[in-house]
Amino acid sequence: MGSLVQYVVTLIAAASTVSALGGLQNIFFEESKGQDLLPLYANHQVATLFLDQQDWPGVIRAGLDLSDDFKKVTGYSLPVVNFTSNICSSVHGQIDTAIIVGTIGNSSIIDGLISSKQLNVSEIEGKWESYISKVIQNPAPCIQSALVIAGSDKRGSIFGIYDVSEQIGVSPWYWFADVVPPERNQIYVSKSIVKTQGEPSVKYRGLFLNDEQPSLAGWVQAKYPEGLYNSYFVHEFYVNLFELLLRMRANFLWPAMWASMFGVDDPKNQYWADYYGIVMSTSHTEPLMRATNEWTTFGNGSWDYSTNKDNIIEFWREGIIRSKPYDNMWTTGMRGFGDTPITGGVEVSLLEDVIKTQRELLGEYFNETNVTNIPQVWCLYKEVQAYYQEGMSVPDDITLLWVDDNWGNVRRLPVSNETSRAGGAGMYYHFDYVGDPRDFKWINTISLEKTWEQMHLTYEREADRIWVVNVGDLKPLEVPIEYFFSLAYDMDTWGQINTVMNWTVAWAEREFGAYYNDVEEIADILDLYGFYASRKKYESLNTTTYHLYNYNEAVTILEQWSNLTDRAWAVYNKLPQKVQPSFFEYILHPVVAGYTVYDIQISAGKNHLYAEQRRNQANSLAQYVQQRFQDDFNWKKEYDALLDGKWIHMMDQTHLGYDYWQQPMRNTMPPVAFVQSAEDALAGSLGLTVEQSRGAVPGDDQYNAVAYSNNTLVLPVLDPYTPSRYIEIFNRGIYDISFNATAENDYVTITPSTGAISATNNSIWNSVFLEVTVDWDKAPDGYNIDFIDISSNSSYGFFGEPSVHLPINKTSAPSNFSGFIESAQLISIEAGHFTNNISTNDTYYVEIDRYGRTLSGVTLFPVNADSQQASDDSSHLEYNFYSFTAPQYGANVTVYTSPSLNVNPYRPLKYAIAVDNEEPQIVQIVVDPTDPTAMPAGWETAADDGVWIHNTTHILDGGEHVLKLWALEPAVVFQKVVVDFGGVVESFLGPPETYHQD
Ligand SMILES: *[C@@H]1O[C@H](CO)[C@@H](O)[C@H](O)[C@H]1NC(C)=O
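Because the structure is predicted, anything quoted here is derived from the model rather than measured.

**Some remarks on the overall build of the protein**
The helix and strand inventory of the protein stands at 21 helices and 40 strands. Here the protein has a C-alpha radius of gyration of 32 Å; the compact-globule value for 998 residues is 30 Å, and the two agree. On the principal axes, the C-alpha backbone points of the protein span a range of 100 × 70 × 65 Å. Buried residues in the protein amount to 62% of all 998 residues. Restricting the contact set of the protein to residue pairs at least 6 apart, pairs at least 24 apart contribute 76%. Here the protein contributes 62 positively and 123 negatively charged side chains, and the mean placements of these two sets differ by 6 Å.

**Some remarks on the domain arrangement of the protein**
Along its sequence, the protein is organised into domain 1 (26-192), domain 2 (204-497), domain 3 (535-645), domain 4 (686-810) and domain 5 (819-997). One C-alpha centre belongs to domain 1, the other to domain 2; they are set 34 Å apart. Interface area, domain 1 with domain 2, both sides summed: about 2200 Å², of which 58% is carbon and sulfur. Per-residue buried area on domain 1 facing domain 2 is highest for Arg61, Trp173 and Phe176; these three make up 32% of the total on that side. Viewed at the interface, domain 2 and domain 1 are joined by 4 salt bridges. One salt bridge connects Asp69 with Arg247, and the closest N-O pair in it is separated by 2.9 Å. At the junction of domain 1 with domain 2, the criterion picks out 9 residue pairs in polar contact (both at pLDDT 80 or more). If you list the elements that add at least two residues to the side of domain 1 that touches domain 2, you get helix H2 (57-74) and helix H4 (154-168).

**Structural notes on the nonpolar core**
One finds Phe70, Ile99 and Trp378 to be the most contacted residues of the largest nonpolar core, which totals 258 residues. It is helix H19 (residues 580-612) that contributes the most residues to this core, 17 residues altogether. Filtering out sequence-adjacent residues up to four positions away, Trp378 remains in contact with Thr332, Gly333, Leu351, Ile355, Val384, Tyr388, Met392, Val394, Ile398, Thr399, Leu400 and Leu401. Residues Leu688, Leu715, Ile729 and Tyr796 belong to the second largest nonpolar core, which totals 28 residues.

**What to know about helix H3 (residues 108-115)**
Those residues of H3 not exposed but buried are Ile109, Ile110 and Leu113. Taken down its axis, H3 places every buried residue within 100° of arc, on the same side. Buried residues along H3 sit against strand S4 (48-52), strand S5 (80-83), strand S6 (95-103), strand S7 (131-140) and strand S8 (143-151).

**So, the state of the cysteines**
Here the structure, examined in full by the defined rule, presents 1 disulfide. Between the sulfur atoms of Cys88 and its disulfide mate Cys142 the distance is 2.1 Å. Its S-S torsion of approximately -90° makes the covalent link between Cys88 and Cys142 left-handed. Placement of the pair is Cys88 in the loop between S5 and S6 and Cys142 in the loop between S7 and S8, with a sequence separation of 54 residues. Residues Cys88 and Cys142 agree in their burial class; the two are buried.

**Some points on the site of the ligand**
In the vicinity of the ligand, the contacting residues are Gln53, Ile60, Leu64, Val80 and Asn82. Contacts to the ligand include Gln53, whose side-chain N or O atom sits 3.1 Å from an oxygen atom. A distance of 2.5 Å separates an oxygen atom of the ligand from a polar side-chain atom of Asn82. Against a free-state accessible area of 360 Å², the protein chains account for coverage of 43% of the ligand. Broken down by secondary-structure element, the contributors of at least two residues to the shell around the ligand are H2 and S5. Its residues assigned to classes, the shell around the ligand comprises 3 nonpolar, 2 polar and no charged.

**Some points on the pairing of strand S39 (residues 973-980)**
By the criterion of burial, S39 is predominantly enclosed, with 8 of the 8 residues buried. In this structure, strand S29 (residues 826-830) lies alongside S39, joined through 5 bridges in antiparallel fashion. Note that in S39 the partner of Glu830 across the bridge is Lys976. Alignment of strand S34 (residues 891-897) against S39, held across 6 bridges, turns out to be antiparallel. Directly across from Asn892, in S39, lies its bridge partner Asp980.

**Brief notes about the pattern of salt bridges**
Pairing between side chains becomes possible if they bear opposite charge and their charged atoms approach one another. Taken as a whole, this structure holds 44 salt bridges when the rule is applied. One salt bridge connects Glu243 with Arg247, and the closest N-O pair in it is separated by 2.8 Å. Pair noted here: Glu243 and Arg247 are both in helix H6 (residues 235-247), with a separation of 4 residues, about one helical turn. Looking at Arg247, the relative accessible area reads 4%, which means it is buried. In this structure, Arg907 and Glu969 form a salt bridge, with 2.7 Å as the shortest nitrogen-oxygen distance. In this pair, Arg907 sits in the loop between S34 and strand S35 (910-915) while Glu969 sits in the loop between strand S38 (959-967) and S39, placing the two residues 62 residues apart along the sequence. In this structure Arg907 comes out as partly exposed when scored by relative accessible area, which is 24%. One connected set of salt bridges, linked through shared partners, spans Arg61, Asp65, Asp69, Lys72, Glu243 and Arg247.

**A short note on the packing of H2 against H4**
The packing of two helices is summarised by the inter-axis angle and the distance between the axes. The contact between H2 and H4 brings their axes to 9 Å, and the two run at 5°. Taken together, the axes of H2 and H4 lie roughly parallel to each other. Listed contacts from H4 to Gly58, Val59, Arg61, Ala62, Gly63, Asp65, Leu66, Asp69, Phe70 and Val73 of H2 are Lys154, Ser157, Ile158, Ile161, Tyr162, Val164, Ser165 and Ile168. Along the lines of polarity and charge, the residues of the contact of H2 with H4 split into 10 nonpolar, 4 polar and 4 charged.

How each quantity is defined
- Residues numbered from 1 in each chain as written.
- Predicted model: local features only at pLDDT ≥ 70, side-chain atom pairs only at ≥ 80, totals over all residues.
- Heavy atoms only, no water.
- Helix = DSSP H or I, 4+ residues; strand = E, 2+ residues; numbered from the N terminus.
- Rg over C-alpha atoms; globule rule 2.2 N^0.38 Å.
- Buried < 20%, exposed > 50% of the residue type's maximum accessible area, 1.4 Å probe, protein only.
- Contact = heavy atoms within 4.5 Å.
- Lys, Arg positive; Asp, Glu negative; His and termini not counted.
- Charge placed at Lys NZ, Arg CZ, Asp CG, Glu CD.
- Domains from an automatic or database assignment.
- Buried area = accessible area lost by both parts, 1.4 Å probe.
- Salt bridge = Lys/Arg side-chain N within 4 Å of Asp/Glu carboxyl O.
- Polar contact = N/O pair within 3.5 Å; in protein donor to acceptor, adjacent residues only side chain to side chain.
- Core = buried A, V, L, I, M, F, W, Y, C linked by side-chain atoms within 4.5 Å.
- Arc of directions from axis to C-beta.
- Disulfide = S-S within 2.5 Å.
- Near = heavy atom within 4 Å.
- Areas by Shrake-Rupley, 256 points an atom, 1.4 Å probe, with all protein chains shown as cover.
- Nonpolar A, V, L, I, M, F, W, Y, C, P; charged D, E, K, R; others polar.
- Pairing = 2+ DSSP bridges.
- Axes fitted to C-alpha atoms, helices over the stretch in contact; angles between N-to-C directions.
- Parallel < 35°, antiparallel > 145°, perpendicular 65-115°, else oblique.

Right, here's the structure in full:
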């Protein structure tokens, strides 16, 4: 019995993944017993598609796409019957199976089915972008059975059509990411499932093609005819984008604007947007449907409302006249020219006058319409948010479009008295950015988990009227873009916590499932890529971002990338050749190109370190970096060559050699150093260094511990809760060396203890790591220093034989203790590894998987909860730990939280922390500056490093303790906690998690 239930559950789960991005599945590919199915394609017969010529042109056009989509998967297009009022008048004889599409109120057949009660549309009628998809028997005298798709409005019908396209296997990205549709032998629709798709979660869902230089601009220039004013952003390009947006269930666009003028480059642009069904708008800095460049080209005088008002009003007037026939979201307000503030200060009254004037203009041209019914938006970008904070009032019907900090951290969300506004609120978010402190515009660096966390918060706090995301060049951000639209469309499904992996698996199934069974592997590679790439933007990464000798940090990071690359290649190599281009664009290219940049930066960092340590390997690493720099170029060439140059220039973006916020004009390799390979080191060919040391012995070196001679280095302390330490021996001269390492006491083991290193081997790996371990049963109690001698055949010049000091500390926590144990004078804890998660009735902590920089994030739910108190009776997290050291001035506790901002300025983000029964200490994570135009202190670093770091001090004795953490506000996300008893050293991610005794 149990197994039968399980079998049924598995079947349902397997079936639902196929179309999970689009909600309920009603299309199937196998005739199965018990299911009442209507064949849309079987035995080389396809259904006939009926399109009502009185419907919206965009609906008819999408219908023709559906006909083509059937051809993509079956080889047969759907025959199309165009009809006007009488559906049977253009049909000879009887049609067995039909697909009938129509919009309620625009289609005689749909309206007829409603009045004859064959179709009940009460759940969707009058709703925004909704549809019903169901099978009806004898919908007309000439039709036996039909899949009827009835839209509540134009886009409701279009989304209903594209839902079938997606379910049969045609990806929205079939053209933009070359996804190869599967081959189907049969396609059925369920006769019993009624698919009722209600309103999208967010009303307007769109993207902003921003800063489309050099990549997108280069590509359109190579691929499309020239429009007016030297622009190539013509309707032939845009119609592809409109179709992509609609297939992803989006409806809104801020067009390219840096080197183009949507409304004039190609006068057909907006006509086609409206024809397809896209609501056009203009970016935050471009009021009333006119591009910034239009002012440069056609405007009179300066873009200064205080001195040149009449000309500016005239300019806007023309924008209204031009766009009035179409569906628009009118951007209101004003910024300075070219994405800058209008003046130095906060110009509240001026801006209020601007908006008042703009509305008068709208009223004038839409004279039959109440101006409050014209969709308008005011974007509170950068300094504009300050005007609002300073009390600027805007009419209630204008949507307030809040923004992030350009780095994916939402700055502000509606507070209590703002949620009832008629115009509601929205969010302008960034997946790509050009500006201070640094651009990020090369390839994808987006974590879907972080996107989920911030957009979930946004939605729950009722910024749900417009979501628009800056996608730069579009192409390398395919996956985050679609994820963003999935959230915006269906928060009921994708708003649930820890559904990112479900989404990625469903996505991988849709894109590659027909050609690769292990879609979980593809999904995992994709998700891990976002995890790795979001830790630091490629443009910000430098040679020392990750620590080169503490905690093996840089090496560990590089190994992660290298493993990911191997996994991506393994999938790629097993895919049929025709499917490889798509996998390359989506996954292989970002993974290998990202790895290459990490390798260039980290290897250059190692080259500098090795040169300081005078190692021969510095030279081979310098060559290796040059080779990887060439690889970086080769990956671009590969992208350019793909599918006979289909995506040429798409990877033209420079990404190596940033020295201020703006892109370098040419990729530039980090500098590398060489040692003189023809002569020996003054202290001989043998050199050694130890873990956590920058220095090398024997010989003079500013980084050697001053208390010791220039022959000795000191290892960090080794204790029973630290697995091992390492010594590294290398050649830094012209003679081959052999060595022998001996510990003073037999409880110290060195593996290997002997070795040889050639002077002429050019491998970058030409060194020997000696692992040092201790047999704790034999070691003496307490703290001791052990000595390790290194003897060799090398001459040491004027210096002596090198040696290493090994401090050991035999500590012991009670065997019945469960929790983290001090190790090398520190405890590092992943926030998700709490001992206790204490919930009260109305709040609780949840762990967001694979979120942040190291493992996961822990945050307070629900995100609409009130401010919390730090008490044992309120929800909090507890971490048991055991310490041996009692620093005189206390232990320092570092809490790593996500780089979130004070989305509610009246409730700044705070946490509380206490050890044992201490009075909790309250830490305000983000302190907003008094200057409303400024960002919080430390914001640049927090955004760039992906974390806020705060410290508190706690006086502790050695022994058992409980560390308690409270998020005093929702939206605080804990990532890591480090207790420092004096052992913490510098690193980017903080010390890796330390010993935990179960
Ligand atoms: C139906 O109409 C569309 C345009 O509305 C046209 O492109 C198509 O060729 C027509 N099909 C037939 C079979 O007449």
